[in-house]
Amino acid sequence: MNTLKVAAPTKSRRNGLRLKGLGIVVSIAIAAIAIFALTHTLKSIDTNEVFQVIRHTDTSLIALAAVLVITSYASLTFYDLLALRTIGRTEIPYRTAALASFTSYPIAHGIGAVSLISPVIRYRVYSHHGLSAFEVANICFLTGLTFWLGNLTALGIGLFFAPDAISLVDFLPPRVNQWIAAALLLGVAGFLTWCWFPRNIGTKRWPVRLPSGPLVVLQILIGVFDLGAAALAMYVLIPAGPNIGIFPIMAVFIAATLLGFASHTPAGIGVFDATFLIGLGKDDKEPLVAALLMFRLMYHFLPFIFALSVFGVVEGWRSLRRRRNS
C-alpha cells in the first residue's frame, strides 16, 4: 500500500512535467514560426510609407481608438469583480478589483509570463485585504475563464460570419472554419448549460467555485465586449484603403491574441503581429503595419508603463505606511 501511495504522486508529477515540457516546446515553436514569417513579411515593407500613413492618420480616429482602448481596459476590471462575487468575497470594493485587474493584466502580458506574474501581482493587491493564496488562485482561474469564454465566443462569431478570415493562418477552407466556429459556439453553450446551477470542481480540500449560469452569461458578455472594443480600436486605425470588414478583423485579431498568449512572448510580440499581417492577406501591408504600430503603442506599451507606475506607487505607499506604523 505504501508503495502504491508513493508511486501514484510520482507518476502524476512526471505527467505534469511532461505536459509542461510539451507546452514549452509548443510555445517556442509558435514563436519561432511566427518570427520567421514576420521577418519574411516585413522585408518588402517601405518604412517611409508606414510613417507617412501614421502622420496622415486623422487625430479624431486616434482619439476614438484611444477611447476604445480605455473602454476595453475598463471592462477588464469586471473580470475580477465577478470572480470576487463568485467566491463570496462581496466585501471587497470595486476599486480593489479594478486595481488588481488593471495592474496584473498589462504587466503580466507585457513581461510575457502571464500565468506566473499575474497571480503574484493579484496576491500583492488582495492579501492586503485578507484574501488567502488559494482565494487568489481561484480568482485567477475565474478571470481566465472569463477571458477564454469571451475569446471563444467572439472568435466563433467572427469565424462564422467571415469563415475565410483566417484561412491564410490555419490553411483550412472557409467551410471547415465555419464548422469550427459552430463547434466553438456550441461548446460555450454546452458549458453554460452544464454550470447553469452553481457547482464546485476540484477536491474537497481545495474546492473551486464555478459561477452560476447567469454569471456565466455575464462573463461571456463582458469578455466579448472587452475584445470587441479592442478589435474596434484596431479597426478604426486601419486606413480606408485596405477596405477590411469588422468580422475579418475580429476573427484575425482574436486568433492573433490567442497565439500570442500561447507563445508566452512579451505582449505576444512577433506572434500577434505576424498573425495579424498574414491573416488579413493584403498586398499593400504598409497601412496595416502603421495601424499595428499605433495600436501597439496605445494598447500595450502605454498601459504597461502606466500599470507599472501605479503598482509601484501603491506598493511604495503601503511600505511607507507599514514603516510608520511599526
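Reading the values: rules and limits
Residues numbered from 1 in each chain as written. Predicted model: local features only at pLDDT ≥ 70, side-chain atom pairs only at ≥ 80, totals over all residues. Heavy atoms only, no water. Helix = DSSP H or I, 4+ residues; strand = E, 2+ residues; numbered from the N terminus. Buried < 20%, exposed > 50% of the residue type's maximum accessible area, 1.4 Å probe, protein only. Contact = heavy atoms within 4.5 Å. Areas by Shrake-Rupley, 256 points an atom, 1.4 Å probe, with all protein chains shown as cover. Axes fitted to C-alpha atoms, helices over the stretch in contact; angles between N-to-C directions. Parallel < 35°, antiparallel > 145°, perpendicular 65-115°, else oblique. Core = buried A, V, L, I, M, F, W, Y, C linked by side-chain atoms within 4.5 Å. Phe/Tyr/Trp six-rings, centres within 6.5 Å; stacked < 30°, edge-to-face > 60°. pLDDT = per-residue confidence, 0-100. Patch = residues over 30% accessible without salt bridge, like charges linked within 9 Å, V, L, I, M, F, W, Y side chains within 5 Å. Salt bridge = Lys/Arg side-chain N within 4 Å of Asp/Glu carboxyl O.

A. The overall build of the protein, seen in detail. Of the regular secondary structure elements, the protein holds twelve helices and two strands. For the protein, the N- to C-terminal ordering of α and β elements is α-α-α-α-α-α-α-α-β-β-α-α-α-α. Counting the 326 residues in the protein, one finds 46% classified as buried. Pairs at least 24 residues apart make up 70% of the contacts formed inside the protein by residues separated by at least 6 positions. Surface accessibility of the protein: about 17,100 Å² in total, with carbon and sulfur atoms responsible for 70%.

B. A look at the packing of helix H8 (residues 174–194) against helix H9 (residues 213–237). Running from amino to carboxyl end, H8 crosses H9 at an angle of 150°, the nearest separation of the two axes being 8 Å. Between H8 and H9, the angle is such that the two are roughly antiparallel. On H9, the residues that touch Val 188, Phe 191 and Leu 192 of H8 are Gly 213, Val 216, Val 217 and Ile 220.

C. Fine view of the environment of Ser 44. Relative to the assigned elements, Ser 44 resides in the loop between helix H1 (2–42) and helix H2 (47–55). In this structure Ser 44 comes out as exposed when scored by relative accessible area, which is 61%. Distance in space between the C-alpha atoms of Ser 44 and Asp 284 is 9.8 Å, their sequence separation being 240 residues.

D. Broad picture of the nonpolar core. Judged by nonpolar contacts, the single largest core of 81 residues is most densely connected at Tyr 126, Met 234, Leu 237, Phe 253, Phe 276 and Phe 295. The leading source of residues in this core is helix H12 (residues 286–325), at twelve residues. Those residues within four positions of Phe 253 in sequence are excluded, and the remaining contacts are Leu 227, Ala 230, Ala 231, Met 234, Phe 272 and Phe 295.

E. A look at the packing of aromatic side chains. Evaluation of the coordinates by the stated rule reveals 13 aromatic pairs. Seen from their ring centres, Phe 253 and Phe 272 are 5.6 Å apart, and the 90° between their planes marks the pair as edge-to-face. With Phe 253 in helix H10 (residues 246–263) and Phe 272 in helix H11 (residues 271–280), the pair connects residues that are 19 residues apart, well separated along the chain. Classification of Phe 253 by relative accessible area gives buried; the value is 2%. Measuring from centroid to centroid gives 6.4 Å for Phe 272 and Phe 276, while their planes differ by 5°, and the two rings are stacked. In this pair, Phe 272 and Phe 276 both sit in helix H11, four residues apart, roughly one turn of the helix. Each member of the pair, Phe 272 as well as Phe 276, is classed as buried. Among the aromatic residues, ring-to-ring pairing joins Tyr 73, Phe 102, Tyr 105, Phe 253, Phe 272, Phe 276, Phe 295, Tyr 299 and Phe 306 into one connected group.

F. Focus on the confidence of the model for the protein. Confidence in the prediction for the protein averages 82 pLDDT; 85% of positions are at 70 or higher. A low-confidence stretch, residues 1–8 stays under pLDDT 50, and its non-local contacts, those more than four residues away or across chains, total zero contacts.

G. A look at a nonpolar patch on the surface. A grouping of Trp 196, Phe 197, Val 217, Leu 218 and Leu 221 is seen on the molecular surface, where their side chains present a nonpolar patch of about 490 Å² in accessible area. Summarising the element assignment, Trp 196 is placed in the loop between H8 and strand E1 (200–202).

H. Layout of the pattern of salt bridges. Here the structure, examined in full by the defined rule, presents five salt bridges. Between Glu 135 and Arg 89 there is a salt bridge, with the nearest N and O atoms lying 3.0 Å from each other. Here Arg 89 lies in the loop between helix H3 (59–86) and helix H4 (94–111) and Glu 135 lies in helix H6 (residues 133–161), a separation of 46 residues in the sequence. In this structure, Glu 135 and Arg 89 share a single accessibility class: buried. Of the charged contacts in the structure, one is a salt bridge between Arg 296 and Asp 273, with a shortest N-O distance of 2.8 Å. You can see Arg 296 sitting in helix H12 and its partner Asp 273 sitting in helix H11, a full 23 residues away along the chain. Classification of Arg 296 by relative accessible area gives buried; the value is 13%. One network of salt bridges, in which partners are shared, links Arg 89, Glu 91 and Glu 135.

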